[in-house]
Amino acid sequence: MKLRFPGYKILDRYILGKFLSTYFFAIAMIIVVVVLFDYVEKIDDFTELHAPVRKVIFDYYLNFIPFFINQFSGLFTFIACIFFTSKMAYQTEIVAMLSGGMSFRRLMWPYFLGALIIGGLSLTLNLWLIPLSQRKIVAFESQYIKRKRNTQYDQHIYRQIEPGTFAYVRGYRDASHQASFFVLEHYEEGAMTRSLEASDTKFDPATKRWTAPRYVMREFDSLGVEKFGQYRNLDTLINLDVNELGRVNELIQTMNIVELNRFLAQQRAKGSDEIGLIEVARHARYAYPLSTFILTLIGVSLSSRKVRGGTGLHIGIGTCLCFSYILFNRFFEEFAKSGSLPPGLAVWLPNIIYLCIGVYLYRKAPK
């Protein structure tokens, strides 16, 4: 499509440059502040556990930065958009553009190009780079941050490993690959048919087998009569990887999108009760980058009008809208995790609601 005036290209570069430079400057400033606060909080651990400076910088903070950028990308896209757009409106630059024959719709093009760049970066981070960086952060924290060393596994872990079969693990320790107590239960039509119980159970990462010096077998017939037996040298292979013993929310943060889809398929086959949590995480990896376009539409439509109160009023209203969007996201995600809403609907509903708000503000914006 040909532009009506050659000056449009200059305006496109001007708006795009202002948008991206404001966004990256705001992100850079907040990263410096957050890294300083985080370092002050963890300096005692770094010193006491003798964390090498090279690992602190390259293994921890270099991987911490992408995670932080992605977490607050939408917020700073919104703030950057409102900040420089309201400043342009206050200096009557937008009025001059519209008076010169540029339509408001055409004015949005460089904004959406900037949103495409930021959203594409966020999507790449979400799907591929952040899971890789999270693995390095988890490895670093388990070695050099005291309060993170023993929090990878819950004390009591209960997992469905296939339909009708459940495993209970108590007191699993990653260093020794050993659990203080292990139970394997089988159910048919809601009633337990047999169970296996063992103390001091050990997991072999190479063979994926669970072993124990002694174990107990219980079997129940249709009348509920129990048969009890004690045996030696348990050696069994079950459909449960030790990685699944970790807290699922922390585990899926270290998976790229291919690994996450594979893990979701495995948990569906097992009939796991964690499917909702995994689906929420998968949908969020796509929904959050798309929100960049919605927040940009709201930001431009809201701040393009020159009003009494200037930039401060626009930033105040815009920040309230953005934080309400983040609040809605967390609110609906909890509904999805509890099973009250389908995961896909819960994750995408805030985008749908705020897209409607954006379209309304766009229609009310100066033309």
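Residues numbered from 1 in each chain as written. Predicted model: local features only at pLDDT ≥ 70, side-chain atom pairs only at ≥ 80, totals over all residues. Heavy atoms only, no water.

Here's the deal with the nonpolar core
Moving on, step 1. Counting 41 residues, the largest nonpolar core has F46, L107, Y111 and F140 as the members making the most contacts within it.
Moving on, step 2. Of all the elements, helix α5 (residues 104-144) adds the most residues to this core, at ten residues.
Moving on, step 3. Residues contacting L107, with those up to four places away along its chain left out, are I15, I94, M97 and M102.
Moving on, step 4. Within the second largest apolar cluster, 21 residues are counted, among which are L184, A212, M217 and L234. (Core = buried A, V, L, I, M, F, W, Y, C linked by side-chain atoms within 4.5 Å. Buried < 20%, exposed > 50% of the residue type's maximum accessible area, 1.4 Å probe, protein only. Helix = DSSP H or I, 4+ residues; strand = E, 2+ residues; numbered from the N terminus. Contact = heavy atoms within 4.5 Å.)

What to know about helix α3 (residues 73-90)
An α-helical turn contains 3.6 residues, so any two residues separated by three or four positions project in the same direction.
Moving on, step 1. Between its terminal C-alpha atoms α3 stretches 25 Å, which fits the 26 Å expected from 18 residues at 1.5 Å a residue.
Moving on, step 2. T92 lies just past α3 and shows a positive phi near 60°. (Expected span 1.5 Å × (residues − 1).)

Quick word on the packing of helix α8 (residues 275-303) against helix α10 (residues 343-364)
Moving on, step 1. Between α8 and α10, the shortest axis-to-axis distance is 8 Å and the interhelical angle comes to 5°. By the criterion of interaxial angle, the relationship of α8 to α10 is roughly parallel.
Moving on, step 2. Tallied by class, residues from the contact of α8 with α10 come to 17 nonpolar, seven polar and one charged. (Axes fitted to C-alpha atoms, helices over the stretch in contact; angles between N-to-C directions. Parallel < 35°, antiparallel > 145°, perpendicular 65-115°, else oblique. Nonpolar A, V, L, I, M, F, W, Y, C, P; charged D, E, K, R; others polar.)

Things to note about the side chain of H186
Moving on, step 1. Mapped onto the elements of the fold, H186 is located in strand β3 (residues 178-188).
Moving on, step 2. Within the structure, H186 has its side chain in polar contact with the side chain of T165 (distance 3.3 Å).
Moving on, step 3. Look past the residues within four positions of H186 in its chain and what remains in contact with it is G164, T165, A191, M192, T193 and R194. (Polar contact = N/O pair within 3.5 Å; in protein donor to acceptor, adjacent residues only side chain to side chain.)

Quick look at the pairing of strand β1 (residues 156-162)
Moving on, step 1. Here six bridges tie β1 to strand β2 (residues 165-170), and the two strands are oriented antiparallel to one another. Counted as the bridge partner of I157 is V169 from β2. (Pairing = 2+ DSSP bridges.)

So, the packing of aromatic side chains
Moving on, step 1. Under the criterion given, the structure shown has 28 aromatic pairs.
Moving on, step 2. A ring pair is formed by Y60 and F64, whose centres lie 6.1 Å apart and whose planes are at 20°; its orientation type is stacked. Placement of both Y60 and F64 in helix α2 (residues 53-71) is noted, with a separation of four residues, approximately one turn of the helix. As far as burial versus exposure is concerned, Y60 and F64 are alike and both buried.
Moving on, step 3. Measuring from centroid to centroid gives 5.1 Å for F140 and Y144, while their planes differ by 45°, and the two rings are tilted. Residue F140 and its partner Y144 are located together in helix α5, separated by four residues, close to a single helical turn.
Moving on, step 4. By relative accessible area, F140 is classed as buried at 3%.
Moving on, step 5. The buried category is assigned to Y144, whose relative accessible area is 7%.
Moving on, step 6. Three or more aromatic residues joined by ring pairs form one cluster here, namely Y39, F46, Y60, Y61, F64, F68, F72, F140 and Y144. (Phe/Tyr/Trp six-rings, centres within 6.5 Å; stacked < 30°, edge-to-face > 60°.)

Interpretation in functional terms is not warranted from these geometric data alone.
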